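Listed here are the chains, written in short residue letters.
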Amino acid sequence: MDIFKKTLFRKAFLVLVVLGIIGGGIVGGFYLKGKTVLPFWVILIIIGVYLAVSGFTFFYFVSRPFSLIMKEVKAVLTGDKYNKIYTKRIDEFGIFSHFFNEAVLSLEQVKKDIKEGKRMSSELDIVQEIQRSILPKAIPSLPKFDVIAKTRPATEVGGDSFDFIQNNNKHFVYIGDVTGHGAPAGVIMLMVNALIHVFAEKFDTAREILINVNRILKPRIRTTMFMTLVMLEWDSVQQKLTYTGAGHENVLVYRASQGVCEINQSGGIALGMVDDNTHILQEKPISLAPGDTVVLYTDGVTEAKNSAGEQFGIERLKTAIEKNAAAGTIDDIFKKIASDYATFCEEEVQEDDVTLIVARYTGVDTQKGLTSTQW
Amino acid sequence: MAQIKINIISNVGADNYEIIEFTGEMDKSNVAQVRSGLDEFLLNYAKDYLILDLEGLAFINSEGVGYLVSVYYRLLKKAKKMCISGAQKQVTDVFNLVGLTKLIPCYPTTQECVQAFQQTP
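All figures in this text were calculated on a predicted structure; none of them were measured in a lab.

Conventions used here
- Residues numbered from 1 in each chain as written.
- Chains lettered and ligands numbered in written order.
- Predicted model: local features only at pLDDT ≥ 70, side-chain atom pairs only at ≥ 80, totals over all residues.
- Heavy atoms only, no water.
- Axes fitted to C-alpha atoms, helices over the stretch in contact; angles between N-to-C directions.
- Helix = DSSP H or I, 4+ residues; strand = E, 2+ residues; numbered from the N terminus.
- Parallel < 35°, antiparallel > 145°, perpendicular 65-115°, else oblique.
- Left-handed = near helix turned anticlockwise from the far one by under 90°.
- Contact = heavy atoms within 4.5 Å.
- Buried area = accessible area lost by both parts, 1.4 Å probe.
- Polar contact = N/O pair within 3.5 Å; in protein donor to acceptor, adjacent residues only side chain to side chain.
- Nonpolar A, V, L, I, M, F, W, Y, C, P; charged D, E, K, R; others polar.
- Patch = residues over 30% accessible without salt bridge, like charges linked within 9 Å, V, L, I, M, F, W, Y side chains within 5 Å.
- Areas by Shrake-Rupley, 256 points an atom, 1.4 Å probe, with all protein chains shown as cover.
- Salt bridge = Lys/Arg side-chain N within 4 Å of Asp/Glu carboxyl O.
- Buried < 20%, exposed > 50% of the residue type's maximum accessible area, 1.4 Å probe, protein only.
- Phe/Tyr/Trp six-rings, centres within 6.5 Å; stacked < 30°, edge-to-face > 60°.

All right, on to the packing of helix α8 (residues 313-324) of chain A against helix α9 (residues 330-345) of chain A then. All names here are of chain A. The N-to-C vectors of α8 and α9 enclose an angle of 140°; their axes lie 9 Å apart at closest approach. Relative to α9, the element α8 is oriented oblique. The way α8 lies across α9 gives a crossing that is right-handed. On the side of α8, the interface is formed by Arg316, Leu317, Ala320, Ile321, Lys323 and Asn324, while α9 contributes Ile333, Lys336, Ile337, Asp340 and Phe344.

Below, the structure written as structure tokens:
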């Protein structure tokens with residue numbers, strides 16, 4: 001009997017067949033008794049039975065379930081409380097009931113996703129505002145250097161930061177990258193930036209600054225989070241450049257006389273990984289001749305991929321620097337390196353923040369106007 | 001999404017350590033999956049040492065490193081020790097870069113990890 005359960009048409013057909021058999025049986029009975037014309041009251045009874053059965057069948061199989069479904073659909077449309085429709089029917093109403101149940105489930109999920117999306121978007125706005133507030137809007141002058149520093153956030157906040165801090169004749173330049181994304185990364189970025197500014201007033205060396213930043217930071221952040229960072233320290237009186245690394249990407253130094261780019265490991269250990277990094281952080285010197293260029297970057301540059309899935313990588317960055325470091329002004333150098341990078345990445349979506357600092361040692365003070373830090 | 005498979009090897013013939021084998025890649029897309037997969041195991045972990053065998057791990061990024069650090073500290077709180085074995089070159093390069101090797105001992109093989117455990121008090 002399943003075949004008749006599946007569609008309303010078949011149910012109606014079954015009812016008509018049954019009624020036909022009953023009606024035929026009654027007419028046949030009178031015919032067998034020799035009566036060729038049915039009495040009027042018999043015709044009325046047959047019509048009455050037909051109407052009653054048809055009416056009942058229509059009500060039970062069509063009108064009632066239709067009303068039930070419409071009641072729940074109206075509730076959804078008006079925002080009222082609605083219920084799931086429970087049915088064992090497998091005909092058109094059964095299918096429509098199951099469709100309704102699936103549709104409201106999807107609707108619930110979409111509402112949830114929209115709500116979550118709004119919350120995350122709000123959180124993202126806060127983090128982006130934090131990042132914007134920390135990053136310098138323009139590059140201050142660094143004695144005896146031409147400097148350019150630019151950053152471009154990814155669609156999701158990635159944790160890159162950099163800054164320039166001066167304490168008398170000491171100039172500190174740092175670039176850093178927090179693990180993770182979102183508000184926690186933004187807060188760590190803010191904490192580190194504030195701590196660096198505070199300790200730069202108290203300590204003379206990048207190493208001491210970072211040791212103390214780590215000491216305060218480590219107990220206050222989750223064990224899954226850390227910040228890689230490298231800090232240059234330029235003594236404008238002694239004309240001495242050093243750097244201290246905290247687990248960050250390499251420090252690249254382009255040697256103008258040879259046309260080659262050195263790759264120097266920044267060393268150390270990321271901030272927030274150990275309680276005490278005193279015996280791990282080391283200050284390393286960089287000797288410079290006029291024209292030599294120091295390049296700092298975040299992993300968003302080297303880990304950027306093209307459509308073939310290849311990473312830009314340190315070797316391509318090194319090549320771009322060697323090719324363009326003698327290009328002209330520091331702006332020209334940056335534009336050419338950025339152009340090589342963009343050509344490689346093609347139209348691929350940027351997944352991480354990218355930050356690049358290029359500092360060319362000129363040996364003379366150049367009165368350079370402040371330039372924007374937006375990539 | 002990066003794919004990763006975790007295999008816990010107990011009963012390695014010694015009572016005091018187990019090995020977790022990682023195969024695939026670990027980055028922000030699947031670090032939550034790794035965390036949920038190992039959470040209960042780490043909560044109930046009672047042996048003295050844990051070895052993370054990364055021979056099959058082709059890639060790890062900073063979020064994956066962050067997770068390894070959290071495992072290290074979680075075990076440290078219970079006075080357990082941890083080491084990493086068999087990391088591929090590109091993974092070791094990441095560890096060296098961020099300084100993880102200065103925190104968590106890394107060895108080429110699990111045997112060397114076991115020897116190191118046996119030698120330290």
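This part takes up the interface of chain A and chain B. The partner chain B presents 17 residues to the 21 residues of chain A that form the contact. Approximately 1500 Å² of surface area, both sides summed, lies buried where chain A meets chain B, with 60% of it carried by carbon and sulfur atoms. The largest contributions to the chain A side of the interface with chain B come from Thr223, Thr224 and Met273 of chain A, which together make up 32% of the buried area. In this structure, the connection of chain A to chain B is made through three residue pairs in polar contact (both at pLDDT 80 or more). Of the residues in the side of chain A that touches chain B, the class split is six nonpolar, eleven polar and four charged.

We now examine a nonpolar patch on the surface. Residues and elements named next belong to chain A. On the surface, Phe9, Phe13, Val17 and Ile21 cluster together to form a nonpolar patch covering roughly 450 Å² of accessible area. Looking at where Ile21 falls in the secondary structure, it is placed in helix α2 (residues 8-32). Take Ile21: its relative accessible area is 59%, and that puts it in the exposed class.

Taken as a whole and judged by the stated rule, the model has eleven salt bridges over all chains. Between Glu322 of chain A and Lys318 of chain A there is a salt bridge whose closest N-O contact spans 3.4 Å. Here the residue Glu322 of chain A and the residue Lys318 of chain A both occupy positions in helix α8, the gap between them amounting to four residues, near one helical turn. Residue classification places Glu322 of chain A among the partly exposed positions, given a relative accessible area of 25%. Across the pair Asp93 of chain B and Lys89 of chain B runs a salt bridge whose closest N-O atoms are separated by 2.8 Å. Placement of both Asp93 of chain B and Lys89 of chain B in helix α3 (residues 89-98) is noted, with a separation of four residues, approximately one turn of the helix. Each of Lys11, Arg89 and Asp91 of chain A takes part in salt bridges that share partners, so that together they form one network.

Residue and element names in this part refer to chain A. Along the chain, Phe58 turns up in helix α3 (residues 40-78). Its relative accessible area of 52% is what places Phe58 among the exposed residues. In the structure, Phe58 is positioned 50 residues away from Leu8 in sequence and 9.8 Å away in space, judged by C-alpha atoms.

All right, on to the packing of aromatic side chains then. A full pass over the atoms with the stated rule returns 14 aromatic pairs over all chains. Seen in terms of ring centroids, Phe96 of chain A and Phe99 of chain A are 6.1 Å apart; in terms of plane orientation they differ by 40°. Their pairing is tilted. Of the two residues, Phe96 of chain A and Phe99 of chain A both sit in helix α4 (residues 92-134), three residues apart, roughly one turn of that helix. Look at Tyr49 of chain B and Phe117 of chain B: their rings are 4.0 Å apart centre to centre, the planes differ by 10°, and that puts the pair in the stacked class. Of this pair, Tyr49 of chain B sits in strand β3 (residues 49-60) while Phe117 of chain B sits in helix α4 (residues 110-119), placing them 68 residues apart in sequence.

For residues other than glycine, phi is negative in most cases, and the peptide bonds are mostly trans. Residues and elements named next belong to chain A. With a phi angle near 55°, Asn168 is a residue other than glycine that sits in the positive phi range. Tracing the sequence through the fold places Asn168 in the loop between β2 (160-167) and β3 (170-178). Judged by relative accessible area, Asn168 falls into the exposed class, the value being 64%. For Gln239, which is not glycine, the phi dihedral falls at a positive 55°. Mapped onto the secondary structure, Gln239 falls in the loop between β4 (227-235) and β5 (240-246). Residue class for Gln239 comes out partly exposed when judged on its relative accessible area of 32%.

No statement about biological role is implied by the geometric values presented.
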